[in-house]
Amino acid sequence: MKPTILLVERDRPTRKLLTGILESEGFSVSLEVDSRDASRIFASQPFQAVLVGDIGCGDPIALIETIRGSPQGELIPIFLVDHQQRPEALRSRLVDQLQLSGWLERPIRSEQLLEPLRQQVLPHPGTLADPDSRREQQEVEQGARHFTGAIQGSLDTKPFPELLVEMQRMAADGTLLLKSGRHKKMITLREGYPIAIKSNRLSECLGRILVRAQLISEQDCERSLERMRSSGHRQGTVLLDMGCISPQSLKKALQMQHQLKLFDLFGWQTGEYRFKPEDAPSDEAVPLRSSTAALVLKGIKKRLRGERIEPWLADRLDRYMLPNPDPVLRFQDMGLDEWEDLQLSALDGRCTLAEFLNRGSDRERMAQLAYALTCTGMVVLSEHPSEPLDPDLDDEPEPAPSSRTVLPPPPIQEMPSFDDVPDMSEDQAPQGPSTGLTQVRERLALQIQDWQAKDYYEILGVDRDASRTQIRKAFFSMAKQYHPDRNKHSDSTQVRALAVELFQGICKAQEVLLDEKRRAAYTHEIEQHPADACESPIALPGTAERSSQALEAELLFREGRQAIGREEYHLAKERLAQAVELCPDEGEYLAEWGLAALRAEPSNPAVLSAVESQLGCAASLSPNLDTPHLYLGYCHLAAGKADSAIEEFEKALARNPYCFEALQELRKL
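Residues numbered from 1 in each chain as written. Predicted model: local features only at pLDDT ≥ 70, side-chain atom pairs only at ≥ 80, totals over all residues. Heavy atoms only, no water.

*Asks:* Which parts of the structure should I look at to understand the overall build of the chain?
*Replies:* Per the secondary structure count, the chain includes 31 helices and 13 strands. For the chain, the proportion of its 669 residues judged to be buried stands at 55%. The long-range share in the chain, meaning contacts at least 24 apart out of those at least 6 apart in sequence, stands at 75%. Total accessible area on the chain stands at roughly 29100 Å², and carbon and sulfur atoms take up 48% of it. (Helix = DSSP H or I, 4+ residues; strand = E, 2+ residues; numbered from the N terminus. Buried < 20%, exposed > 50% of the residue type's maximum accessible area, 1.4 Å probe, protein only. Contact = heavy atoms within 4.5 Å. Areas by Shrake-Rupley, 256 points an atom, 1.4 Å probe, with all protein chains shown as cover.)

Spelled out as structure tokens, the structure:
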């Protein structure tokens, strides 16, 4: 069935143009020219979008307000065809007030209308919305009514990109509520990073995304919804069981869904936010692996046009752009492409923001990049020029401006695409619930131990007579490689902690070696007492014991898993308990201990209760890990709680579509 658009337009040429555009795209068009008739027909039959232009009787703004006030018009996409060329200030106010999906000015271009319609209407969200999405909508609506935040403000003065960065700087744990008109979203934050996003917009449901990406047909989606209603399973599980989708495609679709929910917020022009600090683990983990800086850049490129960004930069145009002296901020992993990295590498503290914006052939793209860099703090704006910080410019003349923009800017995609998601071939697909965290933990711990026996020169890989330029180059290279952003979103608390300590080590090394007095004193010390310098934790204070504990715990963890494989569950429980004692905040260790304890005494009520508690802690510590939920499902089955088991198996599969153990259990149930 074709989506139907209500078009209210008296002007014949405009009506003919819009009808042709819509019908050529596959929409069905219902035409009206009068406000009263339009209100009556809108109330009598379902529409997927409304276009309001010049109407014969009444005010188009009043008609839109009437539609918005009706139950079926609360969230429907509405576009205003502007015949009056209203002032920009009035236009912005009306877009916010009426929650318009688009503002069409003449001459009307087809893509000006079709692109937002493709995003918001194809297919109709009410038709393909699954029961889980409807429950999520109700949960957000109810939660927003009683939400009281300790921190609150307006998105008019603090746009969402800046708010997201502020939450990251605070390492905030809690729930962030955002409201713009009738649209509401609730974000669960862990250490300032969004781990779950819930929305009251049915247009962001999984089925719609799968159909739009042509991964399943609309008929397959409708059949999966029927099965959901009869089985109570989630849509992803049903589609996997039906054979309509591969685990690889489901994983990508889930990532795209969460990206859409998040990136939509970057386009909100007005609204309010409230943040409630709390220990709020989420039942729904978001499989996003980008750093906050990378999320900010993506969101800005996908949702903020130049006319929105330019006013924010207008009062800073005469300021000089220089890389942040703080390496933690300067070397954030923003996921820059080659063209963007070229623009950043040319910043030397002697280029104003105005000069930067005019440097490339695409001013809008330069404005997006400049806003992202300053918003995240990778670049700071100074009233005065500074000496270059980049070692490449210490000994070389400044390149001509023309040489800085050799590469043309790559095309911008309006919507998140599957290209945004790392590809995973079937050969690379993980088997079972294995996470691969063990190799990363071991590698980082061994790296720390290796550095314990090295001095600062050896850590940076430079000679003792190295110049400042050579030291900076070595540090910059290692800072990019070891920045905590690369491991910040790991499900291993050990990985996150060890990554921070490694980065602090190289920062300490370059700090000492770039200070002439401290370098001289340090060099004298290691030359006079080389053995003492190597044996002491002079390079990385306080980390020797931690890295040793991490390696010991990792060895015990592996022994425990091997014992589980041999069905020696009491031995596995003992080894894993020792690993947990050394690293009590490691979610994967707790999860595997829970499995061993459950297998050792499957019918002991006291053991089941203890295991359930520990697995709940593991799920909270590692929200994207599937194994805590898989093992909780086993635990509930042993306790005779089939409904709870189904819920946990669904959560495991949502986090890892390759968790075939969970799918197998769901098929049995």
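What follows continues from the structure just given.
*Asks:* When you look at the pairing of strand S5 (residues 102–105) in this model, what are you seeing that I'm missing?
*Replies:* The two faces of a sheet get side chains in turn, since along a regular strand they alternate between them. Alignment of strand S4 (residues 78–82) against S5, held across four bridges, turns out to be parallel. Bridged to Leu80 within S5 is Trp103. With helix H4 (residues 88–98) bridging S4 and the parallel S5, this β-α-β connection has right-handed handedness. (Pairing = 2+ DSSP bridges. Right-handed = clockwise from strand over helix to strand, strands pointing away.)

*Asks:* Help me understand the pattern of salt bridges in this model?
*Replies:* Considering all chains together, one arrives at 39 salt bridges under this definition. Linking Lys158 and Glu166 is a salt bridge whose minimum nitrogen-to-oxygen distance equals 2.8 Å. A residue is classified by how much of its surface remains accessible, and Glu166, at 26% relative accessible area, is partly exposed. For the salt bridge of Arg558 with Glu554, the shortest nitrogen-to-oxygen distance reads 3.9 Å. Of this pair, Arg558 and Glu554 both sit in helix H25 (residues 544–565), four residues apart, which is roughly one turn of that helix. Since its relative accessible area comes to 2%, Glu554 is described here as buried. (Salt bridge = Lys/Arg side-chain N within 4 Å of Asp/Glu carboxyl O.)

*Asks:* How should the nonpolar core be read in this particular structure?
*Replies:* Within soluble globular proteins, side chains that are nonpolar tend to cluster in buried spots. Counting residues in hydrophobic clusters, the biggest one holds 56 residues, and the most contacted among them are Val611 and Leu630. The element contributing the most residues to this core is helix H27 (residues 587–600), with nine residues. With residues near it in sequence (within four places) discarded, Val611 still touches Trp593, Gly594, Ala597, Leu598 and Cys635. If you look at the next biggest cluster of nonpolar residues, it comprises 49 residues, including Val165, Leu288, Met321 and Met378. (Core = buried A, V, L, I, M, F, W, Y, C linked by side-chain atoms within 4.5 Å.)

*Asks:* What's the story with helix H29 (residues 627–638) in this structure? I'm lost.
*Replies:* For an α-helix, 3.6 residues make a turn, and residues three or four places apart therefore share a direction. Helix length check: H29 (12 residues) gives 17 Å between terminal C-alpha atoms against 16 Å at 1.5 Å per residue, within 8%. Judged by how many residues are buried, H29 sits mostly within the fold: 10 of 12 residues are covered. What H29 keeps buried is the set Thr627, Pro628, His629, Leu630, Tyr631, Leu632, Gly633, Tyr634, Cys635 and His636. Along its buried surface, H29 packs onto H27, helix H28 (605–621), helix H30 (642–655) and helix H31 (660–668). Positioned one or two residues after H29, Gly640 has a phi angle of 80°, which is positive. (Expected span 1.5 Å × (residues − 1).)

*Asks:* Just checking my understanding: could you explain empty space enclosed by the protein for this structure?
*Replies:* The rolling of a water-molecule-sized probe over the atoms marks out the regions of remaining empty space. Under the definition given, this model contains two cavities of 30 Å³ or more. Volume-wise, the largest cavity comes out at about 90 Å³. Residue lining of the largest cavity: 11 residues in total, with Arg190, Tyr193, Ile195, Lys488 and His489 positioned closest to the centre. Per-element tally for the lining of the largest cavity: the top contributor is strand S9 (residues 193–199), with three residues. Residues of the lining of the largest cavity, tallied by class, amount to five nonpolar, two polar and four charged. (1 Å grid on protein atoms, 1.4 Å probe; cavity = no way out; pocket = protein on both sides within 12 Å on 5 of 7 lines; lining within 4 Å. Points joined across faces, edges and corners; volume = space filled by probe spheres on them. Nonpolar A, V, L, I, M, F, W, Y, C, P; charged D, E, K, R; others polar.)

*Asks:* How should the packing of helix H8 (residues 160–170) against helix H13 (residues 292–303) be read in this particular structure?
*Replies:* Relative placement of two packed helices is described by the angle separating their axes and the distance separating the axes. At their nearest, the axes of H8 and H13 sit 10 Å apart, and the two run at 175° to each other. One way to sum up the angle between H8 and H13 is to call them roughly antiparallel. Contacts from Pro161, Leu164, Val165 and Gln168 of H8 reach H13 at Thr292, Val296 and Ile300. Here the contact of H8 with H13 is composed, by residue class, of five nonpolar, two polar and no charged. (Axes fitted to C-alpha atoms, helices over the stretch in contact; angles between N-to-C directions. Parallel < 35°, antiparallel > 145°, perpendicular 65-115°, else oblique.)

*Asks:* It is not clear to me how the sheet that holds strand S6 (residues 151–154) should be interpreted in this structure. Could you clarify?
*Replies:* Two strands in a sheet stick together by hydrogen bonds in their backbones, pointing the same way (parallel) or opposite ways (antiparallel). Spatially, S6-S10-S7-S8-S9 is the arrangement adopted by the five strands of the open sheet, whose pairing is antiparallel. In this open sheet, the two strands that pair with only one neighbour each are S6 and S9. The sheet shows a mean angle of 20° between the axes of neighbouring strands, direction not considered. Summarising the sheet, strand S7 (residues 174–180) and strand S8 (residues 183–190) pair through seven bridges and their orientation is antiparallel. Among the inter-strand pairings, Thr175 is bridged to a residue of S8, identified as Thr188. The sheet contacts of H8 involve S6, S7, S8, S9 and strand S10 (272–277), and relative to S7 the element is tilted by about 170°.

*Asks:* Can you help me understand the packing of aromatic side chains in this one?
*Replies:* To describe a pair of aromatic rings, one takes the distance between the centres and the angle between the planes. Taken as a whole and assessed by the stated rule, the structure comprises 13 aromatic pairs. Residues Phe331 and Phe475 carry aromatic rings whose centres are separated by 5.9 Å and whose planes lie at 85° to one another, so their mutual orientation is edge-to-face. Of this pair, Phe331 sits in the loop between helix H15 (327–330) and helix H16 (338–345) while Phe475 sits in helix H21 (residues 468–482); the two residues are 144 residues apart in sequence, bridging distant segments of the chain. Taken as a pair, Phe331 and Phe475 share a single burial class, namely buried. When the centroid spacing of 5.3 Å and the interplanar angle of 50° are considered together, the rings of Phe331 and Phe476 count as tilted. Here the residue Phe331 occupies a position in the loop between H15 and H16, and Phe476 occupies one in helix H21, the gap between them amounting to 145 residues. Of the two residues examined, Phe331 and Phe476, each falls in the buried class. Among the aromatic residues, those joined into a cluster by ring pairs are Phe160, Phe263 and Phe266. (Phe/Tyr/Trp six-rings, centres within 6.5 Å; stacked < 30°, edge-to-face > 60°.)

*Asks:* What is the right way to read the environment of Thr376 from this model?
*Replies:* Note that Thr376 resides in helix H18 (residues 363–376). In this structure Thr376 comes out as buried when scored by relative accessible area, which is 1%. Once the C-alpha coordinates of Thr376 and Glu166 are considered, the two residues, 210 residues apart in sequence, prove to be 8.9 Å apart. Those residues in contact with Thr376, other than ones at most four positions away along the chain, are Val165, Arg169, Ala293, Val296, Leu329, Gln332 and Met334.

*Asks:* Looking at this model, I keep getting lost on the sheet that holds strand S3 (residues 49–52). Mind explaining?
*Replies:* An order of S2-S1-S3-S4-S5 is seen for the five strands of this open sheet, with the pairing classed as parallel. The open sheet terminates on both sides in strands that have one partner only, identified here as strand S2 (28–32) and S5. For this sheet, the mean angle separating the axes of adjacent strands, direction not counted, is 20°. In this sheet, S2 lies alongside strand S1 (residues 4–8) in parallel orientation, the contact comprising five bridges. Across the sheet, Thr4 pairs through a bridge with Ser28, a residue of S2. Packing against the sheet, helix H3 (residues 60–69) makes contact with S1, S3 and S4, and its axis sits at approximately 180° to S4.

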